Amino acid sequence: MTARRREVRTPRHQNRARVALHEFLRIPALVIGGWLLLAALVICFDRGLFGSTGPIAAAVGTVVPPQSTSTLLSSAVTGLITLNSIVFFVLVMAVQHQSSNYSPVVLDQFLRRRSNQAFFGILIGEAAFCMLILTLVPTGRTVLSGAVALVAVVATLVLLLVFIYSTVDQMRPSSIVWMIEQLALTAHAEQLAQVARCRPAPRLTGHPAHAVHLDASGYVVGVDLARLGRALDTESGAGELEVEFEIVMGEHVVPGSVVARIRGGDAGARERLAAEVTAAVTLGRMPDLDRDPGHAVDQLGNIAWTTAAGSDPEGARVAIRTLHSLLAHWAVPASREDLDGAPPLPIVYRDRAVPQVLDALTSVVGAAGASGQHQSCSYAIHALARVLPQLTPGDRRAAVDRLHRVLPTVTHQIFSREIEQALTAIHDALHHAGLAGESERVTEIRRILEEDHRPAAPGDRADTHGR
């Protein structure tokens, strides 16, 4: 009997031009547009297109002589073009260096800062302003335009000093992880609004299921629940239906990936609903930081892992504390009644933010254990010990399971005061959580460390010397 051919569908893809505008280009374009509008106004003024402007021109000309403004504009155009080249080159090199040391998200957050976008727009827009004035206003008549250019050049030089400090400040580890934390909190708040409209677990597990496959690759950057809700209402006459998503925001899919399973109803209704599920999913070439908290968590975990496995305990400490902060925010799930008063849609979509943070923290324990970075290892264990009582029972079991897998690597560490305190903290947290077996494993690891680092007795040293 011939097997039924698996049906795959192509979802929507994110518009790259819209992404570029949202991520970086919108504010610079608006600022440059403002400069061009200002240039049009002062050109009309200096060419006398607004009527008689003699008294105003004479007053401005006593402060900024028109004869000197042409030289000023020529110098400003050359200087601004050179300044743009130098600033862009130096900043790109600095950001790229920090990105290689910490995470590619350094470049993302640098591009997304509105102050950075505005300054780039000011530099380019001012150069265009001066070029237009120099080209369209006759020599000796650059009265108002020359005065505006003079003020703009002085203000830009002052702003350049502020921008240099701001860029250096953004490259600090604490600033980098703070920005990532804010992105994670904002994205998770938006994701909770999505989760509030869905069911936490499937109800129609015993019904026939239809798997929805995609014929495309990319990162999931959007799921249109409103569209799915309307489609489910349309198919309500075919019986009770339910859509269970197998993916989450930010997950990478490849051709043939199962993104959802549709249960209930008849075969025709499930087939029609599968087309709506495909149309509701939007893919992009990179994760959406504004709606994907998991991407920010992965970046923080990458920073913590890289610095913990290297020689930067300070960078690891900052990243681990930020992961701990995210766990503290997300440990207790928000009430669905508080998030959305309407009944949930027959759609199952799970929030996986807390397990991702737990994975990141326990990975740091393993990386630090293998590389001998006892400070980073102790920071991660302390963070888990402090947050363990706040977790839900399910998340607590997940945390203990992950810790169970990596805790033996601690025996490769030196028995420092930080490691001793961290083991005591996690032992007490497990004991108070009623996990006696796991707390005994911590006691055994501590015993191994104490034996390995116990000073040899005088008799042992003498005997060894005699041999």
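Reading the values: rules and limits
- Residues numbered from 1 in each chain as written.
- Predicted model: local features only at pLDDT ≥ 70, side-chain atom pairs only at ≥ 80, totals over all residues.
- Heavy atoms only, no water.
- Pairing = 2+ DSSP bridges.
- Helix = DSSP H or I, 4+ residues; strand = E, 2+ residues; numbered from the N terminus.
- Contact = heavy atoms within 4.5 Å.
- Axes fitted to C-alpha atoms, helices over the stretch in contact; angles between N-to-C directions.
- Buried < 20%, exposed > 50% of the residue type's maximum accessible area, 1.4 Å probe, protein only.
- Patch = residues over 30% accessible without salt bridge, like charges linked within 9 Å, V, L, I, M, F, W, Y side chains within 5 Å.
- Areas by Shrake-Rupley, 256 points an atom, 1.4 Å probe, with all protein chains shown as cover.
- Salt bridge = Lys/Arg side-chain N within 4 Å of Asp/Glu carboxyl O.
- Phe/Tyr/Trp six-rings, centres within 6.5 Å; stacked < 30°, edge-to-face > 60°.
- pLDDT = per-residue confidence, 0-100.
- 1 Å grid on protein atoms, 1.4 Å probe; cavity = no way out; pocket = protein on both sides within 12 Å on 5 of 7 lines; lining within 4 Å.
- Points joined across faces, edges and corners; volume = space filled by probe spheres on them.
- Nonpolar A, V, L, I, M, F, W, Y, C, P; charged D, E, K, R; others polar.

Draft legend 1. Inspection of the sheet that holds strand β4 (residues 218-223) at higher detail. Pairing in this open sheet of four strands is mixed, and the strands run β2-β8-β4-β6 from one edge to the other. Among the strands making up the open sheet, the edge pair consists of β2 (12-13) and β6 (252-253). When β4 meets β6, the two strands line up antiparallel, connected through two bridges. Bridge pairing links G218 to V253 in β6. Sitting on the sheet, helix α9 (residues 267-280) is in contact with β2, β4 and β8 (281-284), with an inclination near 35° to β8.

Draft legend 2. How the structure looks around the pairing of β8. Residues V281 and L283 line one face of β8 and the alternating positions T282 and G284 line the opposite face, and both faces are buried. Sheet analysis places β2 next to β8, joined by two bridges and oriented parallel. Residue pairing across strands places H13 opposite L283, the latter belonging to β8. In this sheet, β8 lies alongside β4 in antiparallel orientation, the contact comprising four bridges. Following the sheet pairing, G222 is matched in β8 by T282.

Draft legend 3. Just a nonpolar patch on the surface, in detail. A contiguous nonpolar surface patch, about 400 Å² in accessible area, is contributed by I86, F89, V90 and M93. Tracing the backbone shows M93 in helix α3 (residues 66-101).

Draft legend 4. Quick look at the packing of aromatic side chains. The tally for this structure, following the rule as stated, stands at six aromatic pairs. Aromatic pair F110 and F120: ring centres 6.3 Å apart, planes at 65°, arrangement edge-to-face. Taken as a pair, F110 in helix α4 (residues 105-112) and F120 in helix α5 (residues 114-136) lie far apart in primary sequence, 10 residues in all. Here F110 matches F120 in class, with each residue buried. Judged by centre distance (6.3 Å) and plane angle (75°), the rings of F245 and Y349 are edge-to-face. Here the residue F245 occupies a position in strand β5 (residues 241-245), and Y349 occupies one in the loop between β9 (347-348) and α13 (353-371), the gap between them amounting to 104 residues. A relative accessible area of 5% places Y349 in the buried class. These aromatic residues form a ring-pair network of at least three members: F24, F110, F119, F120 and F163.

Draft legend 5. Representation of the side chain of S175. Residue placement: S175 occurs in helix α7 (residues 173-196). Not counting residues up to four positions away in its chain, the partners in contact with S175 are R113, D169 and Q170.

Draft legend 6. Here's a closer look at the pattern of salt bridges. For the structure shown, the criterion picks out 17 salt bridges. The salt bridge partner of R447 is E444, with a shortest N-O separation of 2.3 Å. Residue R447 and its partner E444 are both found in helix α17 (residues 436-452); the two are separated by three residues, about one turn of the helix. The exposure class assigned to R447 is partly exposed, which follows from its relative accessible area of 34%. When salt bridges with common partners are traced through the structure, they connect R199, E240 and E242 into a single cluster.

Draft legend 7. View of the confidence of the model for the chain. Scored by pLDDT, the chain has a mean of 82; 86% of the residues are at 70 or more. Within the chain, β5 carries the highest mean pLDDT (93), whereas helix α18 (residues 458-466) carries the lowest (46). Segment residues 1-5: pLDDT under 50, and one contact once partners within four positions in sequence are set aside and those in other chains are kept. Within the model, pLDDT remains below 50 along residues 461-467, and this stretch shows one contact once partners closer than five positions in the same chain are excluded.

Draft legend 8. Just empty space enclosed by the protein, in detail. Evaluated as defined, the whole model comprises two cavities of 30 Å³ or more. Space inside the largest cavity adds up to approximately 40 Å³. Lining the largest cavity are V400, L403, H404, L407, L430, E438, R441 and V442. Of all the elements in the fold, those that place two or more residues in the lining of the largest cavity are α15 (393-406) and α17. Every residue along the wall of the second largest cavity is listed here: Q194, V223, L225, M249 and Y349. Classifying every residue of the lining of the second largest cavity gives four nonpolar, one polar and no charged.

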